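Working through the structure, step by step
Listed below, chain by chain, are the residues.
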Amino acid sequence: MSSKTIILTGDRPTGPLHLGHYVGSLRQRVALQNDYQQFVLVADLQGLTDNGSDPQKIRNNIPEVLADYLAAGIDPSLTTLCLQSALPALAELTVLYMNIVTVARVERNPTVKNEIVQKGFTRTLPVGFLVYPISQAADITAFKASLVPVGDDQLPMIEQTNEIVHKMNSLLPEPVLYHCKALLSETSRLPGIDGNVKMSKSLGNTLLLSASEEVIHRAVHAMYTDANHLKVTDPGQIDGNMVFTYLDAFHPNKVKVAEMKTHYQNGGLGDRTCKNELEVCLQELIAPMRERRATYIQDKGMLMSLLKQGSEKAHEVTQNTLREVKQGLGLPVF
Ligand code: TRP
């Protein structure tokens with residue numbers, strides 16, 4: 001294997017991917033795949049941590065996520081696509097790591113805390129859900145990844161992973177696991193189309209990579225701008241103005257966006273004009289992805305066979321790490 005820096009990221013296959021995934025991580029993965037050794041993990045086991053009673057949903061969404069990857073420009077000859085449940089080393093490392101992480105520590109993870117509130121878990125909280133950051137640490141370390149392109153909600157996972165790396169390495173005669181760094185994108189958190197702080201499927205405020213022209217049109221024209229910007233000639237606010245937040249995230253021409261902002265703040269630029277500009281840019285971004293995706297999703301056999309091939313390669317890599325950790329711990333390796 002080449003000595004290139006290794007990247008690992010993943011997504012839970014709980015539904016088709018949306019623009020939040022795109023700006024938070026997907027766009028970066030496409031750019032990075034030429035220069036790094038990149039693995040992308042379809043995290044079906046993590047998807048099951050809060051869908052334990054609905055495995056069919058996770059199963060059905062595996063090809064959906066794969067189609068989104070390819071549509072967004074992930075090239076399977078450059079990026080290894082693999083499936084979490086096909087890699088037993090990830091589950092075994094999780095079990096080993098569970099012994100060096102305290103209950104207090106898993107309960108302190110702010111992202112998990114938020115999700116618990118958002119999903120309304122009380123004593124109904126699945127054990128697997130509480131410990132999914134440990135399994136995510138297993139994902140990252142099994143590949144010896146040192147870069148993880150993610151949105152900012154995943155920073156606590158990286159922090160927890162590095163704690164596990166430190167603790168586990170200290171138990172081994174020589175370090176086996178690599179520390180990792182999050183690679184945040186310029187827009188590491190995209191607000192939802194309703195103005196909520198995060199675009200998320202469970203909040204119902206997404207725009208999918210497969211959104212139709214009509215859905216894009218309606219979403220853009222329903223976006224909040226500045227409630228006090230009543231007449232075109234009024235000076236307008238940029239802060240908290242969703243249209244400008246999205247123009248910043250998606251418009252290819254930064255100079256043009258900067259000019260629009262000044263014009264808007266000085267007065268004389270209407271919301272309608274800004275929304276039209278945003279709509280054109282989103283339509284141009286999504287249309288080719290939607291079309292490619294429609295073709296890929298018709299051939300689920302091809303998608304699953306790509307995943308199988310990638311998983312075979314990933315199996316080797318992850319089994320190696322597991323063996324090194326077991327040997328280091330003094331467990332018999334047969
Ligand atoms: N937690 C990520 C999500 O919710 C998915 C994920 C699983 C992941 N394993 C990973 C991300 C490893 C980065 C690295 O989408």
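Residues numbered from 1 in each chain as written. Predicted model: local features only at pLDDT ≥ 70, side-chain atom pairs only at ≥ 80, totals over all residues. Heavy atoms only, no water.

With an unreviewed UniProt entry as reference, the protein chain is termed Tryptophan--tRNA ligase, source organism Providencia heimbachae ATCC 35613. What UniProt states about the protein chain under its Sequence similarities (unreviewed entry) heading is, verbatim, "Belongs to the class-I aminoacyl-tRNA synthetase family." (UniProt positions renumbered as here; feature names shortened; annotations may be inferred.)

**Details of the pairing of strand E3 (residues 79-83)**
For E3, the tally of buried residues reaches 5 of 5 residues, placing the bulk of the element in the interior. Burial along E3 is two-sided: Thr79, Leu81 and Leu83 facing one way and Thr80 and Cys82 facing the other are all buried. Bridge count between strand E2 (residues 37-42) and E3: 5 bridges; the pairing is parallel. Residue pairing for E3: Val40 is matched across the bridge by Leu81. (Buried < 20%, exposed > 50% of the residue type's maximum accessible area, 1.4 Å probe, protein only. Helix = DSSP H or I, 4+ residues; strand = E, 2+ residues; numbered from the N terminus. Pairing = 2+ DSSP bridges.)

**A few points about the pairing of E2**
Counting buried residues in E2 gives 6 out of 6 residues, a clear majority hidden from the surface. Side chains Gln37, Phe39 and Leu41 project from E2 onto one buried face, and the interleaved Gln38, Val40 and Val42 project onto a second face that is buried too. Judged from the 6 bridges that link them, strand E1 (residues 6-11) and E2 form a sheet pairing that is parallel. The residue bridging Ile6 from the neighbouring strand is Gln37, located in E2. Of the crossover connections in this fold, the one passing from E1 over helix H1 (residues 19-32) to the parallel E2 is right-handed. (Right-handed = clockwise from strand over helix to strand, strands pointing away.)

**Looking at helix H12 (residues 254-266)**
In this model H12 runs 18 Å from its N-terminal to its C-terminal C-alpha over 13 residues, within 8% of the 18 Å that 1.5 Å per residue would give. Of all the residues in H12, the buried ones are Val257, Met260 and Tyr264. All buried residues of H12 lie within an arc of 60 degrees about the axis, which places them on one face of the element. Opposite its buried face, H12 presents the exposed residues Val255, Glu259 and Asn266, each directed more than 90 degrees away. Just downstream of H12 lies Gly267, where phi reads positive at about 95 degrees. (Expected span 1.5 Å × (residues − 1). Arc of directions from axis to C-beta.)

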